[in-house]
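# Geometric and topological summary
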Amino acid sequence: MRITVLTVADCPNARPALDLVTGALAGREAEVSLVEVADEAEAARLGMYGSPTVLIDGADPFAPPGAEPSLSCRLYWHADGTMSGLPDAAVLRQALAGQAAPAQHGGAADCCSTG
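Residues numbered from 1 in each chain as written. Predicted model: local features only at pLDDT ≥ 70, side-chain atom pairs only at ≥ 80, totals over all residues. Heavy atoms only, no water.

## Focus on the side chain of aspartate 60
Spelled out, the test is: Only DSSP runs of H or I with at least four residues qualify as helices, and only runs of E with at least two residues qualify as strands; both kinds are numbered from the N terminus onward. Each residue gets one of three labels from its accessible area relative to the maximum for its type: buried under 20%, exposed over 50%, partly exposed in between, using a 1.4 Å probe on protein chains only. Throughout this description, a polar contact denotes any pair of N or O atoms lying within 3.5 Å of each other; where both atoms belong to protein, one of them has to be capable of donating a hydrogen while the other can accept it, and for residues adjacent in sequence the pair is counted only when both atoms sit in side chains. Should any heavy atoms of two residues lie within 4.5 Å, those residues are considered in contact.
Structurally, the position occupied by aspartate 60 is in the loop between β4 (53–56) and β5 (70–77). A residue is classified by how much of its surface remains accessible, and aspartate 60, at 13% relative accessible area, is buried. Looking at aspartate 60, its side chain comes within polar contact range of the main-chain nitrogen of alanine 63, at 3.2 Å. Within the structure, the side chain of aspartate 60 is placed 2.7 Å from the side chain of arginine 74, a separation counted as a polar contact. Ignoring anything within four residues of it in the chain, the contact list for aspartate 60 reads Tyr49, Thr53, Val54, Leu55 and Arg74.

Here you go:
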């Protein structure tokens, strides 16, 4: 399994997202990397829908339908209706186990443009 955390420079959620992924793996083998995305073209090429974006084997299990690639900050809806700069840990564990991540209020949202 290959997990990539895509982020923009100085994203406050980059390191916490990486830590969340590591914890959610619970010892399972995976290649995990943090990639800083520099521009809109690279965001589009990599499938970044805001920072941070977590890709599992190149796919974003949290991307809402019709999402456009973006360098903006990203917010994730949680099952309890709250939003956070990180995916819900339980939903991330499901996605890592190969189960579809359920969309919560559209899955994710952009909060602020960085570019």
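Still more ground to cover, so stick around.
## Side note on the sheet that holds β4
Keep this limit in mind: In this scheme, strands are said to pair when DSSP sees at least two bridges between them. Between the N-to-C directions of two axes lies an angle of 0 to 180 degrees, each axis being a line fitted to C-alpha atoms and, for a helix, fitted only over the stretch in contact.
What the three strands build is an open sheet, ordered β2-β1-β4; its pairing is mixed. What marks the edges here is a single partner per strand, and that holds for β2 (31–36) and β4. Between one strand axis and the next, the sheet turns through 20 degrees on average, direction left out of account. Bridge count for strand β1 (residues 2–7) against β4 is four bridges, and the pairing is antiparallel. What sits directly across from valine 5, in β4, is valine 54.

## Some words on the packing of aromatic side chains
What counts, and what does not: Any Phe, Tyr or Trp ring, taking Trp's six-membered ring, that has another such ring centre within 6.5 Å forms a pair; planes under 30 degrees apart are called stacked, those over 60 apart edge-to-face, and the others tilted.
By the definition in use, this model includes one aromatic pair. A centroid spacing of 5.6 Å and a plane angle of 85 degrees characterise the contact between phenylalanine 62 and tyrosine 76, whose relative ring orientation is edge-to-face. Here phenylalanine 62 is found in the loop between β4 and β5, whereas its partner tyrosine 76 is found in strand β5, with 14 residues between them in sequence. For tyrosine 76, a relative accessible area of 1% puts it in the buried group.

## Let's talk about unusual backbone geometry
The peptide bond linking serine 51 to proline 52 adopts the cis configuration, its omega dihedral lying at 0 degrees. Backbone geometry at aspartate 10 places phi at a positive 65 degrees, although glycine is not the residue there. Following the sequence through the fold, aspartate 10 ends up in the loop between β1 and α1 (14–25). Judged by its relative accessible area of 77%, aspartate 10 falls in the exposed class. Non-glycine residue aspartate 57 carries a positive phi angle of around 50 degrees. Relative to the assigned elements, aspartate 57 resides in the loop between β4 and β5. For aspartate 57, a relative accessible area of 48% gives the class partly exposed.

## Some remarks on the environment of tyrosine 76
Remark: the alpha-carbon pair of tyrosine 76 and phenylalanine 62, spanning 14 residues in sequence, is separated by 8.1 Å. A polar atom in the side chain of tyrosine 76 sits 2.5 Å from the backbone oxygen of proline 52. In this structure the side chain of tyrosine 76 is engaged in a polar contact, spanning 3.4 Å, whose partner is the side chain of arginine 74.

Scope: geometric values only; no functional claims are made or implied.
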